[in-house]
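Residue-level structural notes
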Amino acid sequence: RDSKLFIKDLHFEEVPVRIYLPKVPSATKRRGVIFFHGGCGMFGSIRSHERVCQYIARKSDSVVVSVGYHLSPEYKYPAQTLDCLTATVHFLKTAETYGVDPDRIIVCGDSAGGTYTASVCQELVNRRDIPKIRAQVLICPFLQALNFNLPSYQKSAFIALLSRERVVRFILKYLNKDGSMKEAILAGSHVPDSMNLKYRKWINPDLIPEVFKLGYKQPLPASFLSQVHEETKELFETRLSPLLAEDAVVCHLPDTCIITCEHDVLRDDGLLYKKRLEDNNVKVTWYHMEEGFH
């Protein structure tokens, strides 16, 4: 426990949360931070990210809400995203109860938490009954399940903790799918040509800056396998692949901070989303950790 913070465990509707409130009184309403932990939707918890949330609350003098969304496979997808959405809406509606300015709330998450952050912000763009999210912070986010052969997937294919093979294995486990489809998905056999053509404008190695493409080799075309496609259609939903959202949604997203790491298979997801947001006139701040790992 932190001597500078009040820490409370609550439920926002059915979703467990832990709130970190600075003890020093504030003359004005504070900023609010909603935090979604990483862990592929299957690992991690409020406890695993306790120090991170304490640090954010202390250093930014903000009220932080850490969301303990229910994990897969006990709670099937998309329960995780829906929990994050429920907790966010609840906090936006009740922010003043915790001394928070409802117009100064950001959403933040790492890894799969970054996926949920992007998804929640997209789902809230058309809501008129609640305050607007002020900004989103995506830390090494997973944002698309179309192409596992981008330059960063090749460069960091065998990096410890999150290898290329492990990403797809975790996704299949997260979705409660047959793990034997892993090789087909790694090759890109789950994506029909029509879908590849449609999304080339957004998910394409040509959109990655040249400095990040050293040693990149164009993969051989994969044969489309309709059965794998039919069994993994969730991969193309924007809740799992926020990069596939239409421009009509992306152009209304809040100011964004994206953090990428050099030695991370997910690096290019962040770079591609950065470009999409900028192309849609969304203000983006980007931090790249040259020696960083996922």
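Since this is a predicted model, take the numbers as computed values, not measurements.

Rules used in this analysis
- Residues numbered from 1 in each chain as written.
- Predicted model: local features only at pLDDT ≥ 70, side-chain atom pairs only at ≥ 80, totals over all residues.
- Heavy atoms only, no water.
- Salt bridge = Lys/Arg side-chain N within 4 Å of Asp/Glu carboxyl O.
- Helix = DSSP H or I, 4+ residues; strand = E, 2+ residues; numbered from the N terminus.
- Buried < 20%, exposed > 50% of the residue type's maximum accessible area, 1.4 Å probe, protein only.
- Core = buried A, V, L, I, M, F, W, Y, C linked by side-chain atoms within 4.5 Å.
- Domains from an automatic or database assignment.
- Contact = heavy atoms within 4.5 Å.
- Right-handed = clockwise from strand over helix to strand, strands pointing away.
- Polar contact = N/O pair within 3.5 Å; in protein donor to acceptor, adjacent residues only side chain to side chain.
- Pairing = 2+ DSSP bridges.
- Axes fitted to C-alpha atoms, helices over the stretch in contact; angles between N-to-C directions.
- UniProt positions renumbered as here; feature names shortened; annotations may be inferred.

1. Quick notes on the pattern of salt bridges
Where charged atoms of side chains with opposite charge meet at close range, the side chains can pair. Taken as a whole, this structure holds 22 salt bridges when the rule is applied. Residue Asp61 pairs with Arg30 through a salt bridge whose shortest N-O separation is 2.9 Å. Taken as a pair, Asp61 in the loop between helix H1 (50-60) and strand E4 (63-67) and Arg30 in strand E3 (residues 30-36) lie far apart in primary sequence, 31 residues in all. For Asp61, a relative accessible area of 36% gives the class partly exposed.

2. A few points about the nonpolar core
Ranked by size, the top nonpolar core spans 78 residues in total, and within it Val67, Phe91, Phe142, Phe148 and Tyr273 carry the most contacts. For this core, the two domains that each supply at least three residues are domain 1 (5-144 + 238-293) and domain 2 (151-236). Excluding residues that lie within four positions of it along the chain, Tyr273 makes contacts with Ala118, Gln122, Gln136, Leu138, Leu143, Pro242, Leu243, Leu253 and Ile258. Ranked by size, the runner-up nonpolar core spans 12 residues in total, among them Tyr20, Val33, Cys53 and Val64.

3. Considerations on the pairing of strand E7 (residues 255-263)
Extensive coverage of E7 is indicated by the burial of seven of its nine residues. One crossover worth recording links E7 to the parallel strand E8 (residues 284-293) by way of helix H10 (residues 267-279), and it is right-handed.

4. Observations regarding the side chain of His190
Inspection of the secondary structure assignment puts His190 in the loop between helix H6 (182-187) and helix H7 (193-199). Residue His190 is classed as buried on the basis of its relative accessible area of 0%. Polar side-chain contacts of His190 include one of 2.9 Å to the backbone oxygen of Ala145. Once you skip the residues sitting within four places of it in the chain, His190 turns out to touch Ala145, Leu146, Phe148, Ala184, Ile185, Phe224, Val228, His229, Thr232, Leu235 and Phe236.

5. Some details on the sheet that holds strand E6 (residues 135-139)
Read from one edge to the other, the open sheet built from eight strands follows the order E1-E2-E4-E3-E5-E6-E7-E8, with strand pairing classed as mixed. If you trace the sheet from one side to the other, it starts and ends with strand E1 (5-12) and E8, each paired once. For this sheet the average axis-to-axis angle between neighbouring strands, irrespective of direction, equals 20°. Pairing of E6 with E7, which is carried by five bridges, proceeds in the parallel orientation.

6. Looking at the environment of Leu150
Topologically, Leu150 is positioned in the loop between E6 and helix H4 (151-155). For Leu150 and Pro205, which are 55 residues apart along the polypeptide, the C-alpha to C-alpha distance reads 5.8 Å. The contact partners of Leu150, leaving out residues within four places of it in the chain, are Gln144, Asn204, Pro205, Tyr216, Asp268, Asp269 and Leu272.

7. Some remarks on the UniProt feature "domain: Alpha/beta hydrolase fold-3" (unreviewed entry) in the protein
Here, the residues flagged by UniProt with the feature "domain: Alpha/beta hydrolase fold-3" (unreviewed entry) are residues 33-181 and 232-294. The distance from the first to the last C-alpha atom of residues 33-181 is 38 Å, and the span holds 37% helix and 17% strand. Here residues 232-294 runs as 27% helix and 30% strand, with 25 Å between its end C-alpha atoms.

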